[in-house]
Amino acid sequence: MNLKPKILLVDDEEDILILMKYNLEKEGFDVETSSNGVSCLEKVQNFIPDVILLDVMMPKMDGMETCVELRKLSFLDQTIICFLTARTEDYSQIAGFESGADDYILKPIKPRLLISKLKALLRRRLSTKAIQIEPTQKGLTINREKYLVVVNGIEISLPKKEFKLLDLLASKQEVVFDRETILNAIWGDSIVVGDR
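Calculation notes
Residues numbered from 1 in each chain as written. Predicted model: local features only at pLDDT ≥ 70, side-chain atom pairs only at ≥ 80, totals over all residues. Heavy atoms only, no water. Pairing = 2+ DSSP bridges. Helix = DSSP H or I, 4+ residues; strand = E, 2+ residues; numbered from the N terminus. Axes fitted to C-alpha atoms, helices over the stretch in contact; angles between N-to-C directions. Salt bridge = Lys/Arg side-chain N within 4 Å of Asp/Glu carboxyl O. 1 Å grid on protein atoms, 1.4 Å probe; cavity = no way out; pocket = protein on both sides within 12 Å on 5 of 7 lines; lining within 4 Å. Points joined across faces, edges and corners; volume = space filled by probe spheres on them. Nonpolar A, V, L, I, M, F, W, Y, C, P; charged D, E, K, R; others polar.

Caption draft 1: Fine view of the sheet that holds strand β3 (residues 51-54). Strand order in the open sheet formed by 5 strands is β2-β1-β3-β4-β5, with parallel pairing between adjacent strands. Two strands bound the open sheet, and with one partner strand each, they are β2 (30-34) and β5 (103-106). Within the sheet, the average angular offset between the axes of one strand and its neighbour, ignoring direction, is 20 degrees. Here strand β1 (residues 6-10) runs beside β2; their pairing, made up of 5 bridges, is parallel. What sits directly across from isoleucine 7, in β2, is valine 31.

Printed below as a string of structure tokens:
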């Protein structure tokens, strides 16, 4: 049975929620909405989404705070969190990634582009879920459920991208990954990275 991908839209602008929900449901997604961070945290108790599209500037609890709280919930370990915002400053995007987001989409975005972006994020999620074993070698253990790295009995805390990079490299220790494979697996195909 092919289950519909579940999307949670979190934005305080009702017209944006209505438009995105309509287009995503038309494309076959199972969509729920929330108008702020507090109600988002309540909603995920019963609706565990594959992707959360999260606005940054919202009342009650902003997107950054909401993302930090969402990342504390172990049942959302496999959920992709993507900020959808009009803020373009570098520091805002950096803060978004540091709060636990997987990606960042700038408003306004056309519905077709948003749908393509979501499908790409879901493909990436499925490819990382495919390997279920915890790599262990020479004192290194990677726990994917808890985003935890243990080296010779010592726990090491890594930012999410660094964790994913280590996990990828450790998953096939006999393979030399080319640059394009690493960029697509960790950053996706929407990020432009210089040749260096």
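Caption draft 2: Seen up close, the pattern of salt bridges. Per the stated rule, a full pass over the model turns up 10 salt bridges. For glutamate 27, the salt bridge identified is with lysine 119, shortest N-O distance 3.0 Å. Residue glutamate 27 is found in the loop between α1 (14-26) and β2, and its partner lysine 119 is found in helix α5 (residues 111-129); the two are separated by 92 residues along the sequence. For aspartate 55, the salt bridge identified is with lysine 107, shortest N-O distance 3.4 Å. Linking aspartate 55 in the loop between β3 and α3 (63-70) with lysine 107 in the loop between β5 and α5, this pair joins segments that are 52 residues apart in sequence. What you see here is one network of salt bridges that share partners, running through Asp11, Asp55 and Lys107.

Caption draft 3: Summary view of the pairing of strand β8 (residues 148-151). In this structure, strand β7 (residues 140-143) lies alongside β8, joined through 4 bridges in antiparallel fashion. When the bridges of β8 are listed, threonine 141 appears paired with valine 150. In sequence, β8 turns back onto strand β9 (residues 154-156) through a hairpin of 2 residues, with asparagine 152 there showing a positive phi of about 50 degrees.

Caption draft 4: Just the layout of surface pockets, in detail. Quantified by volume, the second largest pocket comes out at close to 380 Å³. Contributing to the lining of the second largest pocket are 17 residues, with Arg71, Lys72, Asp77, Lys146 and Tyr147 lying nearest its centre. Those elements that place two or more of their residues in the lining of the second largest pocket are α4 (90-98) and α6 (160-171). Of the residues in the lining of the second largest pocket, the class split is 6 nonpolar, 4 polar and 7 charged.

Spatial relationships are all this shows, so hold off on functional conclusions.
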